[in-house]
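# Descriptive analysis of the structure
What follows is each chain in one-letter form.
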Number of protein chains: 2
Amino acid sequence: MSSNLGQNLSQNLRQFDRLKQFVMPSASMLNLDRQVASGAGMSQAGSQSIKSAVMVIGGGEDKVQDRKILRAFVENSGGESARIAIIPSASREPEEIGRIYNQIFTELGAASVEVLDIRERTTQQDLTELEAKVNNLTGVFMTGGDQLRLCALIGETPLMIAIRDRVHQGRMVLAGTSAGAAAMGHHMIAGGSTGDPPHKEMVNMSTGLGILPDVIVDQHFHNRNRMVRLMTAIASYPDKLGVGIDEDTVAIFEQDHILRVMGRGTVTIVDPGEVSYSNQVWVSSTAPLTIHNLRVHILSAGGKYHLLKRTPLSPSI
Amino acid sequence: MSSNLGQNLSQNLRQFDRLKQFVMPSASMLNLDRQVASGAGMSQAGSQSIKSAVMVIGGGEDKVQDRKILRAFVENSGGESARIAIIPSASREPEEIGRIYNQIFTELGAASVEVLDIRERTTQQDLTELEAKVNNLTGVFMTGGDQLRLCALIGETPLMIAIRDRVHQGRMVLAGTSAGAAAMGHHMIAGGSTGDPPHKEMVNMSTGLGILPDVIVDQHFHNRNRMVRLMTAIASYPDKLGVGIDEDTVAIFEQDHILRVMGRGTVTIVDPGEVSYSNQVWVSSTAPLTIHNLRVHILSAGGKYHLLKRTPLSPSI
């Protein structure tokens with residue numbers, strides 16, 4: 001059983017690497033695998049009712065009033081039949097933050113909520129024990145904290161690969177807020193600074209969870225003046241798309257390659273697809289950058305962006 | 001004499017309004033009027049040696065070490081034959097700041113330096129007295145302080161119109177730093193805030209000096225995280241060009257419609273020419289903005305931007 005699982009995980013990993021070559025595999029995978037799942041006649045109860053998506057929340061989401069974003073997560077996960085797990089591993093206080101979200105999702109009517117308080121990297125042996133549990137989940141929520149800590153604990157573990165696989169098959173909703181949002185890309189902004197002319201040293205990159213491999217996410221975006229650090233990051237990865245998400249705001253990566261915006265703030269897209277010149281490969285880490293022809297879109301609630309066409313959709317569409 | 005002067009100023013003003021209709025009149029005026037001046041056989045000594053330009057400095061320019069930017073201002077103004085006036089009126093301590101720049105420009109070898117410590121709006125009568133002095137200048141430097149104070153004291157006064165006229169004729173170099181830079185446009189950012197999703201209330205607009213009527217300038221740009229307030233400003237004036245200038249950095253608006261960058265930081269161009277949608281006319285002053293298709297260029301020292309073609313020039317050109 002354990003070796004079969006290992007083989008399956010290995011196959012999944014190879015499949016994932018293959019799929020990563022798509023322009024925007026996160027969305028295309030959702031779409032592709034939805035058809036696969038539909039054709040295969042999914043057996044898990046509730047799988048038909050979930051609205052598969054990756055919900056990338058900019059931190060500071062409303063937890064006490066309308067709780068619009070957290071409510072949308074529960075609804076996308078199946079509402080009354082949602083079976084949710086919280087991964088609080090980014091936080092230094094995982095019990096406390098796990099308890100808070102547990103209470104919220106329970107109040108919002110999820111069928112079951114549990115905390116996966118992961119404090120060591122899971123092994124395949126652990127996953128064998130967790131497999132039934134993971135297969136039964138319809139939603140996973142990653143809390144804030146430190147994205148480096150989160151990725152150190154769960155990045156590329158058998159558990160994470162199993163979750164990512166289910167997300168890409170459209171069988172699970174994955175949400176992350178703050179650090180949990182930052183970790184969504186393959187290339188991840190681990191930290192940085194503001195208040196200076198753009199230069200390479202102002203952003204520290206690391207490896208994320210690869211849920212949205214062609215996106216570089218930044219969060220608490222305009223709230224912490226991070227436009228320039230995202231532009232600086234994207235200058236080094238001109239094949240990626242920069243997505244900066246404000247507090248109490250979510251970028252929902254849905255099927256059909258559409259990114260949809262919900263919440264109080266904005267989602268900023270920094271598209272380097274037309275960049276005609278950058279000095280970033282030539283200059284020192286403290287020298288000011290030159291970047292020609294970045295395209296920027298600022299989207300607010302209701303806004304949509306086509307991830308394959310790389311174009312915002314006009315509000316009438 | 002006084003009425004002739006008034007008539008001339010009135011003619012100048014009408015000519016200026018006509019010229020303002022050009023796409024980028026600041027540069028085209030410099031060019032056009034250079035030819036006019038050349039054809040007319042300019043009589044003022046030193047006029048042939050000045051390099052006509054508008055120098056827009058992002059504040060915090062080096063005053064004690066290389067003084068590269070201030071040195072360039074003196075050199076553009078004619079070097080050893082430069083006759084410079086300092087307008088310290090943006091500052092609440094005009095004597096002190098006037099004294100500092102006086103000493104610097106003197107040390108840098110200007111033939112003459114004086115402070116025009118204007119504390120009341122000049123009248124045409126005042127200008128009659130100042131006319132010979134203004135006609136003799138090759139460079140004017142506007143200090144930092146408060147751009148609203150500066151414009152309240154000198155905006156659209158006969159003195160300012162006379163200076164602007166000489167600048168547009170290519171007979172004088174005009175430099176401004178910080179508040180003196182902010183005031184260069186016709187539409188001026190008077191103040192604002194950062195650290196929030198973009199919304200109209202985060203930027204306060206007022207009327208500037210109209211030296212570069214098609215540009216909205218922001219200064220201390222990345223140093224004070226002002227990218228979003230410039231984008232917010234430009235959303236309301238989609239026919240203008242946003243120019244954000246870092247500290248110890250200058251955007252030099254030269255003849256031939258070229259903006260050239262010098263200094264330690266960057267000059268950021270925010271071009272709304274392709275904006276396909278914005279909600280700014282529909283939403284309240286506190287609602288988050290939507291703006292599709294802003295084009296952004298970040299330029300560092302040596303970088304050039306063609307103001308008419310609205311395109312950065314590649315470093316090899």
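Described in the following lines is the structure provided in the data block. Just so it is clear, the model here is predicted, and its values are computed rather than measured. (Residues numbered from 1 in each chain as written. Chains lettered and ligands numbered in written order. Predicted model: local features only at pLDDT ≥ 70, side-chain atom pairs only at ≥ 80, totals over all residues. Heavy atoms only, no water.)

## A short note on the interface of chain A and chain B
Here is the rule we go by: In what follows, a contact means two residues having at least one pair of non-hydrogen atoms within 4.5 Å. Defined here as a combined quantity, buried area equals the accessible surface (1.4 Å probe) lost by two parts on assembly, summed across both. We count a salt bridge whenever a side-chain nitrogen from Lys or Arg sits within 4 Å of a carboxyl oxygen from Asp or Glu. What counts as a helix is a DSSP run of H or I of at least four residues, what counts as a strand is a run of E of at least two, and both are numbered from the N terminus. Asp, Glu, Lys and Arg are counted as charged, while Ala, Val, Leu, Ile, Met, Phe, Trp, Tyr, Cys and Pro are counted as nonpolar; the rest, among them Gly, fall into the polar class. Note: two strands are recorded as paired if DSSP finds a minimum of 2 bridges between them.
With 35 residues of chain A at the contact, the number on the chain B side is 35 residues. Each partner contributes to the roughly 2,900 Å² buried at the junction of chain A and chain B, and carbon and sulfur atoms together form 57% of this total. Joining chain A to chain B, the criterion identifies 2 salt bridges. Residue arginine 295 of chain B pairs with glutamate 274 of chain A through a salt bridge whose shortest N-O separation is 3.3 Å. Of all elements in the fold, only α9 (227-236), β14 (291-300) and β16 (311-313) of chain A reach the threshold of two or more residues within the side of chain A that touches chain B. By residue class, the composition of the side of chain A that touches chain B is 16 nonpolar, 14 polar and 5 charged. Note: β14 of chain A against strand β14 (residues 291-300) of chain B, 5 bridges, orientation antiparallel. Residue pairing for β14 of chain B: valine 296 of chain A is matched across the bridge by leucine 294 of chain B.

## Comments concerning the pattern of salt bridges
Residues and elements named next belong to chain A. Applicable threshold: Burial classes follow relative accessibility: with a 1.4 Å probe on protein chains only, a residue under 20% of its type's maximum area counts as buried, one over 50% as exposed, and anything between as partly exposed.
Scanning all chains against the criterion turns up 32 salt bridges over all chains. The shortest N-O distance in the salt bridge between aspartate 117 and arginine 119 comes to 2.8 Å. Judged by its relative accessible area of 30%, aspartate 117 is partly exposed. Judged by its relative accessible area of 47%, arginine 119 falls in the partly exposed class. The partner of lysine 240 in a salt bridge is aspartate 214, and the shortest N-O contact between them spans 3.1 Å. With lysine 240 in the loop between α9 and β9 (241-245) and aspartate 214 in the loop between β7 (203-207) and β8 (215-219), this pair connects stretches of sequence that are 26 residues apart. Take aspartate 214: its relative accessible area is 7%, and that puts it in the buried class.

## Let's talk about the sheet that holds strand β4 (residues 139-142) of chain A
Residues and elements named next belong to chain A. Defined as follows: To obtain each axis, a line is fitted to C-alpha atoms, and for helices this fit is confined to the stretch in contact; angles are then taken between N-to-C directions over 0 to 180 degrees.
In space, the 9 strands of this open sheet follow the order β3-β2-β4-β5-β1-β10-β11-β15-β16, with mixed pairing throughout. Edge strands, defined here as strands with exactly one partner in the open sheet, are β3 (112-115) and β16. On average, adjacent strands in this sheet sit at an angle of 20° to one another, irrespective of strand direction.

## Quick look at helix α9 (residues 227-236) of chain B
In terms of burial, α9 of chain B is a largely internal element, 9 of the 10 residues being buried. Taken together, the buried positions of α9 of chain B are Met227, Val228, Arg229, Leu230, Met231, Thr232, Ala233, Ile234 and Ala235 of chain B.

## Remarks on the packing of aromatic side chains
Basically, it comes down to this: The criterion for an aromatic pair is that two Phe, Tyr or Trp rings (for Trp, the six-membered ring) have centres within 6.5 Å, with stacked assigned to planes under 30 degrees apart, edge-to-face to planes over 60 apart and tilted to the rest.
Under the defined criterion, the tally for this structure stands at 10 aromatic pairs over all chains. The rings of Phe73, Tyr101, Phe105 and Phe141 of chain A are connected pair by pair, giving a single aromatic cluster.

## Considering the side chain of arginine 295 of chain A
Put simply, the test is: Counted as a polar contact is a pair of N or O atoms within 3.5 Å, where, for protein atoms, one must be capable of donating a hydrogen and the other of accepting one, and residues adjacent in sequence contribute only when both atoms are in side chains.
Considering the arrangement of structural elements, one finds arginine 295 of chain A in strand β14. Arginine 295 of chain A gets classed as buried once you look at its relative accessible area, which sits at 12%. A distance of 2.7 Å separates the side chain of arginine 295 of chain A from the side chain of asparagine 293 of chain B, its partner in a polar contact. In this structure arginine 295 of chain A touches Ile269, Val270, Asp271 and Glu274 of chain A together with Glu274, Asn293, Leu294 and Arg295 of chain B, once residues within four positions along its chain are discounted.

## So, the packing of helix α5 (residues 124-136) of chain A against helix α7 (residues 158-168) of chain A
Residue and element names in this part refer to chain A. How we decide: Roughly parallel means an angle under 35 degrees; roughly antiparallel, over 145; roughly perpendicular, 65 to 115; everything else is oblique. Two helices crossing with the near one rotated counterclockwise from the far one by less than a right angle form a left-handed crossing, whereas a clockwise rotation gives a right-handed crossing.
Contact geometry for α5 and α7: axes closest at 9 Å, N-to-C directions at 30°. With respect to α7, the element α5 is oriented roughly parallel. As α5 packs across α7, the resulting crossing turns out to be right-handed. Between α5, through Gln124, Leu127, Leu130, Val134 and Asn135, and α7, the contact on the second element is made entirely by Pro158, Leu159, Ala162, Ile163 and Arg166. Here the residues of the contact of α5 with α7 sort into 7 nonpolar, 2 polar and 1 charged.

## Considerations on the environment of serine 314 of chain B
Residue and element names in this part refer to chain B. Tracing the sequence through the fold places serine 314 in the segment after β16 (311-313). Given a relative accessible area of 28%, serine 314 falls into the partly exposed group. Once the C-alpha coordinates of serine 314 and glycine 303 are considered, the two residues, 11 residues apart in sequence, prove to be 8.0 Å apart.

## Notes on the relation of the copies chain A and chain B
Counted only if it meets this: Least squares is the method for superposing the copies, and the C-alpha atoms it fits come from residues with pLDDT of at least 70 in both.
Each copy of the sequence occupies a distinct position, and chain A is placed on chain B by a rotation of 180° and an axial shift of 0.0 Å, giving an RMSD of 0.0 Å. The relationship between the two copies is best expressed as a two-fold rotation axis. Taking C-alpha positions as reference, the residue of chain A nearest the rotation axis is arginine 295 of chain A, located at 2.4 Å. When you check the interface residues of chain A against chain B, 100% turn up at the interface there too, and the contact is symmetric in its surfaces.

## Overview of the sheet that holds β16 of chain B
Residues and elements named next belong to chain B. Taken together, the 9 strands give an open sheet; going across it, the order is β3-β2-β4-β5-β1-β10-β11-β15-β16, and neighbouring strands pair in mixed fashion. Each edge of the open sheet is held by one strand with a lone partner, namely β3 (112-115) and β16. Between one strand axis and the next, the sheet turns by 20° as a mean value, whatever way the strands run. Of the strand pairs in this sheet, strand β15 (residues 304-306) and β16 are connected by 3 bridges, and their pairing is antiparallel. Paired with tyrosine 305 across the two strands is proline 312, which belongs to β16.

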